[in-house]
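Spelled out from the first residue to the last, the chains are:
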Amino acid sequence: MLVHIRKLLYAMENNAMLSAIKKGFLLVIPVVLTGSFALLLLNFPVPAYQGFLAAFSGGMLSRLLTFIIDSTTGFISLYLTLSISYFYSASFAGKNLSLRMMSMVAACACFIASFGGEGGALTLSCFGTIGVFTAIVCSILATRLFFLLDLFIYRRYRSYAAGNDIHFRSSITAIFPMAVCVTLFAVANLLLQQAFHVGNLNDLISGVLFRAFGGLQHEPENGIVFLVLLDFLWVFGIHGGNALDPVAQTVFAGGASSTVITKSFLDNFAVIGGSGSTLCLLLALLLVSRQKNNRQLAYSAAPLALFNINEILVFGLPIVLNPVYIVPFILTPVMSMLLAYGAVAAGWMPVVQQSVNWTTPVFFSGYLATGSWKGVIVQLAAVVLGTLLYIPFVRLSERLQEGREDFLLQELTEHFRRHEQNAQRPRYLDRNDSLGIIAKGVVGQLRTDISAGRIPVFYQPQVDINGKVNGAEALLRWQYDQKTLYPPLVIALAQEDGCYEKLTWCILDTVCRDILAIRQQIDPQIHIAANIVAQQLNDPDWTERLIQLAKEYDVCENLVLEVTEETSLTNLPNITADIDRLNGDGIRLAIDDFSMGQTSLNYLRSNRFHYVKLDGSLVRQVQENRRSYDIAGSIISLGRNLGFTVIAECVENEALRSTLLELGCTVFQGYLYSPAIPLRELLFYRPVQQGTDTQ
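Note that the coordinates shown come from a computational prediction; the quantities given were computed from them, not determined experimentally. (Residues numbered from 1 in each chain as written. Predicted model: local features only at pLDDT ≥ 70, side-chain atom pairs only at ≥ 80, totals over all residues. Heavy atoms only, no water.)

Q: I'd like to hear about the overall build of the protein, residue by residue, with values.
A: If you tally the helices and strands in the protein, you get 32 helices and 10 strands. By the burial criterion, 51% of the 695 residues in the protein qualify as buried. Intrachain contacts of the protein at a sequence separation of at least 6 include 71% that bridge at least 24 residues. Counting only carbon and sulfur atoms, one obtains 58% of the accessible surface of the protein, whose full area is about 31,700 Å². (Helix = DSSP H or I, 4+ residues; strand = E, 2+ residues; numbered from the N terminus. Buried < 20%, exposed > 50% of the residue type's maximum accessible area, 1.4 Å probe, protein only. Contact = heavy atoms within 4.5 Å. Areas by Shrake-Rupley, 256 points an atom, 1.4 Å probe, with all protein chains shown as cover.)

Here it is as structure tokens:
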């Protein structure tokens, strides 16, 4: 069950459209919170405070807060259009910021075009909370349409407009997609006016919702449907309160003496702490959460949650696009409403008569709305029951969070391995999906461990035909959250991030320091190999620094540098001189994964390399593939004739060792003898007798 939920979470997070909507709302949180704070200050439910606002400097503070509200939440739909389009455009334009900006402008223009009234009028209220639905629709459709048209133009009519400015050429190219997008949305708006006799798309949506609720005249059914839809929209990152505000202001306006469920009733007895009754979720987190991050989030969200502002909790936990919290987030407000409705129907609690501002804290709002302490008791009961309902889901969520990281690490590793098999090197740090998020977390921890010198190095022994350990290869065995990561993935992420150079020096320093103990315990002539890339050998300053490091530890005669043969050693002007400098100071070199690839045989002929390691994939095939057998034999013969030692890695069984021995190989490395082991085990390692498998 948990595995299926993790896979569902992964799929939702990697859906470009849902992810863009979620991130779009996240991006406008500062705007929403600024407007909400201003609204809270403007409507703080204390008569003396309200009198101060009205009297101070002729109401200047009141006007200032109103200006802040109008410039933030008053244009929230416009900001949302831009933010969603920004994230959604990343799927099509990548790092082309100019094109992404144009798509955002196109989405914004289409949003405005969709609000033209029947007489061509356009009111500023269209850009507030009333237009959230339209903003989501326009940002997705307009952005997608813009890039479809842009791709069509690029393929058929590439623009080579006069001028050398790339931004000018991009602007010229975008004229047609921009014009078509805006025209289509304007025409669609006119067709809506003719077909449905509405002013714009938002009026159509509001009309549909209004008619849907208009058919629900009976209580409490209309309240249940409203709350389910309200919180369901929130689950998908849509601000349900803003989207359904027209319905709340009309269907639940009240007026009739027999009406129980009004907007004030829902605000004060159903959505306690905000949509989803998130005050109950906040208390559940504080009571049972064992994760430090969740508790810190709860502490941060608590002050605003008391005033029914829940964006930090909803988007920070998150509840948005989180299937674990769907049930309690929808069910808790419905349960709270039914509890309060039952109290009124039974004649115990008075009907809500007083309209209370939605920012009024819980318990105060219950008393003010009903004029009775019984309203406070009902709210208290709703909070207790809601908290109890949230608690098991908080525990389930934390169990999933504990396993989610393992799941994502496995997905990241498998994704990397698939591309590695095809000789591809994917980039992860530029991605905005789950793989990008976990990769950024891995790199962040890697940087911290590099700075602190906490990079573990293991050693895999190299054993000769007499069973003597005459060398070892230093291998990275770094752990993330107490789990050892696939070393090539760690290297690739370090190279992508730019911390690979620091990682290399951290490993080299550890290896040089460990050689002192290895040399004393095992053999003064033992050689320890560390992996580097050819580009590092092409840097004279890097080479000089390495020589000084080896001399500082007095390990020049024991240190071996392994250069992967995947990287071409040609077209590197300084590499020959640097290799000679290293050889001159006693530091030997080896070619790793040798299989007649890009490495020039000139380096072998000139004795610049002392060791050649057979590629593991070649070694594994020598028993089954005659060509691999002949290639391995040729390399071993070449080594014998040119005077370098051939080391066979990935030797995993006695039969494979015997075949390699038959070809003339005399040094072996692999699981037949030992996996990579920490220094303390290497110091006391003794190979088993020949013919025994140590796996």
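Q: Run through the pairing of strand 9 (residues 645–648), naming residues and quoting values.
A: Judged from the 4 bridges that link them, strand 8 (residues 611–614) and strand 9 form a sheet pairing that is parallel. Residue pairing for strand 9: valine 612 is matched across the bridge by valine 646. In this sheet, strand 10 (residues 667–668) lies alongside strand 9 in parallel orientation, the contact comprising 2 bridges. Bridge pairing in strand 10 links isoleucine 647 to valine 667. Between the parallel elements strand 9 and strand 10, the chain passes through helix 31 (residues 654–663) in a crossover that is right-handed. (Pairing = 2+ DSSP bridges. Right-handed = clockwise from strand over helix to strand, strands pointing away.)

Q: Any chance you could break down the nonpolar core for me, citing the residues and the numbers?
A: Val511, Leu537, Leu561, Leu614 and Leu660 are the most contacted members of the largest nonpolar core, which has 91 residues in total. The greatest single-element share of this core, amounting to 10 residues, is contributed by helix 24 (residues 500–521). Discounting chain neighbours no more than four positions away, the residues touching valine 511 are Val457, Tyr459, Ala474, Ile528, Ala530 and Leu559. Among the nonpolar cores identified, the runner-up in size contains 35 residues, and Ile21, Ile136, Cys138 and Phe146 belong to it. (Core = buried A, V, L, I, M, F, W, Y, C linked by side-chain atoms within 4.5 Å.)

Q: Residue-level account of the sheet that holds strand 10, with values.
A: Reading around the circumference, 1-2-5-6-7-8-9-10 is the order of the 8 strands in this closed barrel, with mixed pairing throughout. The pairing of strand 2 (residues 469–476) with strand 5 (residues 527–532) spans 3 bridges and is parallel. Its bridge partner being in strand 5, glycine 471 is matched across the sheet by histidine 527.

Q: So, the packing of aromatic side chains: which residues are in play, and what are the values?
A: All chains considered together, the criterion is met by 13 aromatic pairs. Between phenylalanine 416 and tyrosine 486, the ring centres sit 6.1 Å apart and the planes meet at 65°, which makes this aromatic pair edge-to-face. Taken as a pair, phenylalanine 416 in helix 21 (residues 373–421) and tyrosine 486 in the loop between strand 4 (483–484) and helix 23 (487–497) lie far apart in primary sequence, 70 residues in all. Each member of the pair, phenylalanine 416 together with tyrosine 486, is buried. Ring pairs connect the aromatic residues Tyr88, Phe92, Phe146 and Phe147, which therefore count as one cluster. Just above the ring of tyrosine 86 sits the side chain of arginine 100; from NZ or CZ to the centre is 4.3 Å. Seen from the ring of tyrosine 486, arginine 417 lies directly overhead, with NZ or CZ sitting 3.8 Å from the centre. (Phe/Tyr/Trp six-rings, centres within 6.5 Å; stacked < 30°, edge-to-face > 60°. Lys NZ or Arg CZ within 6 Å of the ring centre and 35° of its normal.)

Q: Account for unusual backbone geometry, naming residues and giving values.
A: If you check the backbone angles, phenylalanine 363 has positive phi at about 80° while not being a glycine. Located in the positive-phi region is cysteine 650, a residue other than glycine, with phi close to 65°. Mapping cysteine 650 onto the fold places it in the loop between strand 9 and helix 31.

Q: So what's going on with the environment of arginine 513? Which residues, and what values?
A: Structurally, arginine 513 is set in helix 24. Residue arginine 513 is classed as partly exposed on the basis of its relative accessible area, which comes to 40%. Linking arginine 513 and leucine 549, residues 36 residues apart in sequence, is a C-alpha distance of 9.9 Å. A distance of 2.9 Å separates polar atoms of two side chains, one belonging to arginine 513 and the other to aspartate 509. (Polar contact = N/O pair within 3.5 Å; in protein donor to acceptor, adjacent residues only side chain to side chain.)

Q: Tell me what's going on with helix 22 (residues 434–452), and back it up with residues and numbers.
A: For helix 22, with 19 residues, the first-to-last C-alpha span of 27 Å sits near the 27 Å given by 1.5 Å per residue. Within helix 22, burial applies to Ser434, Leu435, Gly436, Ile438, Ala439, Val442, Val443, Leu446, Asp449 and Ile450. Downstream of helix 22 by a residue or two, glycine 453 has a phi angle that is positive, lying close to 70°. (Expected span 1.5 Å × (residues − 1).)

Q: Can you tell me about the packing of helix 6 (residues 76–93) against helix 7 (residues 97–113), naming the residues and giving the values?
A: Between helix 6 and helix 7, the least distance of the axes is 8 Å, while the angle of their chain directions is 140°. Judged on the interaxial angle alone, helix 7 and helix 6 are oblique. The handedness of the crossing between helix 6 and helix 7 is right-handed. Residue-level contacts link Ser77, Leu78, Thr81, Leu82, Ser85, Tyr86, Phe87, Ser89, Ala90 and Ala93 of helix 6 to Leu99, Arg100, Ser103, Met104, Ala107, Cys108, Phe111 and Ile112 of helix 7. (Axes fitted to C-alpha atoms, helices over the stretch in contact; angles between N-to-C directions. Parallel < 35°, antiparallel > 145°, perpendicular 65-115°, else oblique. Left-handed = near helix turned anticlockwise from the far one by under 90°.)

Q: How would you summarise the pairing of strand 8 if you had to cite specific residues and measurements?
A: What you see with strand 8 is no split at all: Tyr611 and Lys613 on one side and Val612 and Leu614 on the other are buried throughout. With 3 bridges connecting them, strand 7 (residues 588–594) and strand 8 associate as parallel partners. What sits directly across from isoleucine 591, in strand 8, is valine 612.

Q: I'd love a proper account of the packing of helix 21 against helix 22, names of residues and values included.
A: Viewed as axis vectors pointing N to C, helix 21 and helix 22 meet at an angle of 100°, and their least axial separation amounts to 10 Å. It follows that helix 21 is roughly perpendicular to helix 22 by the angle criterion. Contacts from Arg404, Glu405, Leu408, Leu409, Glu411, Leu412 and His415 of helix 21 reach helix 22 at Ser434, Leu435, Ile438, Ala439 and Val442.

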